[in-house]
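# Coordinate inspection notes
These are the residues of each chain, in order.
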Amino acid sequence: CTNNNGNKQNRRNRWSTINIIWSRWLYNKTIYPTILLLRIQNIFRRLEQSIDDLKYDDILVNPSKGTLSKENKNLELTKNEMIVFTYLLANRGKIVTRDDLMTDLWNNNEFINDNALTVNISRLRTKLETFGLKDVIETRKGQGYKLLWD
């Protein structure tokens, strides 16, 4: 009976010691919200980079390399063009609002000229046309954009 109480006391002492060490370590660590958010953002960025290749019809989309591939042909997209294309691809068949795209592209509270998105969409359409994908991004007036899907 005393042996059992002794074991309980030893366990309490060990946990007490661990708690003291942990609290001293944590007390000496100042956690800055900005740094914490940046670290979390970095984790998500790494997760996004590890996305496997995506498919659009017979085209292989590689977001981490920023390329579209089809029958030994490659098309390189800029960072913004790839963000727009993968966002539309993830929401294929659905209308994506301009606000959603702008939030995904410029993930901050700064005011971005509305024309910047129009320019990115226009450049993406031009590149897709040269790659054999004509009229795959449809503009819905007053609603947004839609990636057409067969």
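My aim in this report is to walk through the structure given alongside it, one point at a time.

Rules and cut-offs
- Residues numbered from 1 in each chain as written.
- Predicted model: local features only at pLDDT ≥ 70, side-chain atom pairs only at ≥ 80, totals over all residues.
- Heavy atoms only, no water.
- Helix = DSSP H or I, 4+ residues; strand = E, 2+ residues; numbered from the N terminus.
- Polar contact = N/O pair within 3.5 Å; in protein donor to acceptor, adjacent residues only side chain to side chain.
- Pairing = 2+ DSSP bridges.
- Salt bridge = Lys/Arg side-chain N within 4 Å of Asp/Glu carboxyl O.
- Buried < 20%, exposed > 50% of the residue type's maximum accessible area, 1.4 Å probe, protein only.
- Contact = heavy atoms within 4.5 Å.
- Axes fitted to C-alpha atoms, helices over the stretch in contact; angles between N-to-C directions.
- Phe/Tyr/Trp six-rings, centres within 6.5 Å; stacked < 30°, edge-to-face > 60°.

Take the side chain of Asn-62 next. By secondary structure assignment, the location of Asn-62 is in strand S2 (residues 59-62). Polar side-chain contacts of Asn-62 include one of 2.8 Å to the side chain of Ser-64.

Turning our eyes to something else, we now look at the pairing of strand S6 (residues 144-147). Note: strand S5 (residues 137-140) against S6, four bridges, orientation antiparallel. Within S6, the residue paired with Arg-140 across the bridge is Gly-144. The antiparallel pairing of S5 with S6 creates a hairpin that spans three residues between the two strands, and Gly-142 there sits at a positive phi of about 80 degrees.

Right, let's get into the pattern of salt bridges. Tallying each qualifying case throughout the model produces two salt bridges. Residues Glu-81 and Lys-127 are paired through a salt bridge, measuring 2.8 Å at the closest nitrogen-oxygen approach. Residue Glu-81 is located in helix H3 (residues 79-90), and its partner Lys-127 is located in helix H5 (residues 114-130); the two are separated by 46 residues in the primary sequence. Taking relative accessible area as the criterion, Glu-81 reaches 2% and is therefore assigned buried. One salt bridge in this structure joins Glu-138 and Arg-140, with 2.5 Å as the shortest N-O distance. We classify Glu-138 as partly exposed; its relative accessible area is 25%. You can call Arg-140 partly exposed: its relative accessible area is 28%.

Here we come to the environment of Arg-140. Residue placement: Arg-140 occurs in strand S5. Note: C-alpha distance between Arg-140 and Val-96 (44 residues apart in sequence) is 9.2 Å. What Arg-140 contacts, discounting residues up to four positions off in sequence, is Ile-95 and Lys-146.

Spatially, S1-S2-S3-S4 is the arrangement adopted by the four strands of the open sheet, whose pairing is antiparallel. Among the strands making up the open sheet, the edge pair consists of strand S1 (54-56) and strand S4 (73-76). Between one strand axis and the next, the sheet turns through 25 degrees on average, direction left out of account. As judged from the three bridges shared by S2 and strand S3 (residues 67-70), these two strands associate in the antiparallel manner. If you follow Val-61 over to S3, its bridge partner there is Leu-68.

Enumeration according to the criterion identifies one aromatic pair in this entry. Ring centres of Tyr-56 and Phe-85 lie 5.9 Å apart, and the angle between their planes is 80 degrees; on these two criteria the pair is classed as edge-to-face. One end of the pair, Tyr-56, is in strand S1; the other, Phe-85, is in helix H3, with 29 residues separating them in the sequence. Look at Tyr-56 and you get buried, because its relative accessible area is 2%. For Phe-85, a relative accessible area of 0% puts it in the buried group.

All we've got here are geometric facts, nothing functional implied.
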